[in-house]
Amino acid sequence: MFKRFRGGVRLPHLKPTANIPIERAKPPATTVVPLKQHVGAICEPLVGKGDRVRTGQKIGDSPARLSAPVHSPVSGTVVDIRPSPIPTGEEVPSVVIESDGADEWMEMVGIDPEKSSREEILARIREAGVVGLGGAAFPTHVKLNPPKRVDTLIINGCEGEPFITSDHRLMVEQAERVVEGVRIMMRVCGAERAVIAIEDDKRDAAERMREFEDGRITVALLPARYPQGDERHLIRT
């Protein structure tokens, strides 16, 4: 079934969606939004039953340092706030929204990262509810504010697990936006250079990202092994 290698195993990756463009899903009729989608404190609801919400509207927040706000993924009406299970097995308060199908977004005013302070950028990242997608959902504004100096930022473009291809497609289709995010993170954490790590079974993604190499940002092509995307394995490789 698989071959063993030092530092990982070579699995059948089974990536049938690797060459299929990203599609936007239609809003569901009813959405249950847990008020904890991250490591840290559970958010308090900012809306009540009967309130109308818009896509992107903040519906939950917490004053705790280790937390992240939660936003509505649809526009519609809040029909309930009740406990619901999350993948950890615990039940947390959740906002139930009946979609109106309009997908009406909140108006958002952007900031210029080149003219904004480090603190302003970190505050905006927190307000946007950005968290890691590696499983723990660690709040990004905390991760980008480490206690020690950072010299190298490693961007994890590896997807060693079977089936998943979201990072692959993002790098192929939205490479410029990915690199823009890398530059913002470098500025915030003070990194002198960034290495974008991509497995060698994603050469189209590596070619797209290499279009943006500039001396400070480089691409490293790594063997496609499981679990190459794990933090410790990735740093060592």
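Whatever comes next refers back to the structure up there.
Scope of this entry: the structure provided in the associated data block. Since the model is a prediction, treat every value here as computed from it, not as a measurement.

The rules behind the values
Residues numbered from 1 in each chain as written. Predicted model: local features only at pLDDT ≥ 70, side-chain atom pairs only at ≥ 80, totals over all residues. Heavy atoms only, no water. Pairing = 2+ DSSP bridges. Helix = DSSP H or I, 4+ residues; strand = E, 2+ residues; numbered from the N terminus. Salt bridge = Lys/Arg side-chain N within 4 Å of Asp/Glu carboxyl O. Buried < 20%, exposed > 50% of the residue type's maximum accessible area, 1.4 Å probe, protein only. Polar contact = N/O pair within 3.5 Å; in protein donor to acceptor, adjacent residues only side chain to side chain. Contact = heavy atoms within 4.5 Å.

## Notes on the sheet that holds strand 6 (residues 58–61)
Then, number 1: Across the sheet, which stays open at both edges, the 3 strands sit in the order 4-6-7 with antiparallel pairing between neighbours. The open sheet has two edge strands with one neighbour each: strand 4 (44–45) and strand 7 (70–71).

## Digging into the pairing of strand 6
Then, number 1: Bridge analysis of strand 4 against strand 6 gives 2 bridges, and the strand direction is antiparallel. When the sheet's bridge partners are listed, Pro45 is paired in strand 6 with Gly60.
Then, number 2: Two elements, strand 6 and strand 7, share 2 bridges in a ladder whose sense is antiparallel. The residue bridging Lys58 from the neighbouring strand is His71, located in strand 7.

## Description of the sheet that holds strand 3 (residues 30–34)
Then, number 1: Pairing in this open sheet of 4 strands is antiparallel, and the strands run 3-9-8-5 from one edge to the other. The sheet is open, and its two edges are formed by strand 3 and strand 5 (52–53), each paired on a single side.
Then, number 2: When strand 8 (residues 76–85) meets strand 9 (residues 91–99), the two strands line up antiparallel, connected through 9 bridges. Within the sheet, the bridge partner assigned to Thr77 lies in strand 9 and is Glu98.

## Thoughts on the pattern of salt bridges
Then, number 1: Evaluated as defined, the whole model comprises 13 salt bridges.
Then, number 2: When the shortest N-O distance is used, the salt bridge between Glu90 and Lys36 registers 3.4 Å. Remark: Lys36 occurs in the loop between strand 3 and strand 4 and Glu90 occurs in the loop between strand 8 and strand 9; sequence separation between them is 54 residues.
Then, number 3: By relative accessible area, Glu90 is classed as partly exposed at 31%.
Then, number 4: Classification of Lys36 by relative accessible area gives buried; the value is 19%.

## Focus on the side chain of Gln228
Then, number 1: Within the element layout of this structure, Gln228 appears in the loop between strand 12 (217–222) and helix 6 (231–236).
Then, number 2: At a separation of 2.8 Å, a polar atom in the side chain of Gln228 contacts the main-chain carbonyl oxygen of Pro223.
Then, number 3: Apart from residues no more than four positions distant in its own chain, Gln228 is found in contact with Cys158, Glu199, Leu222, Pro223, His233, Leu234 and Thr237.

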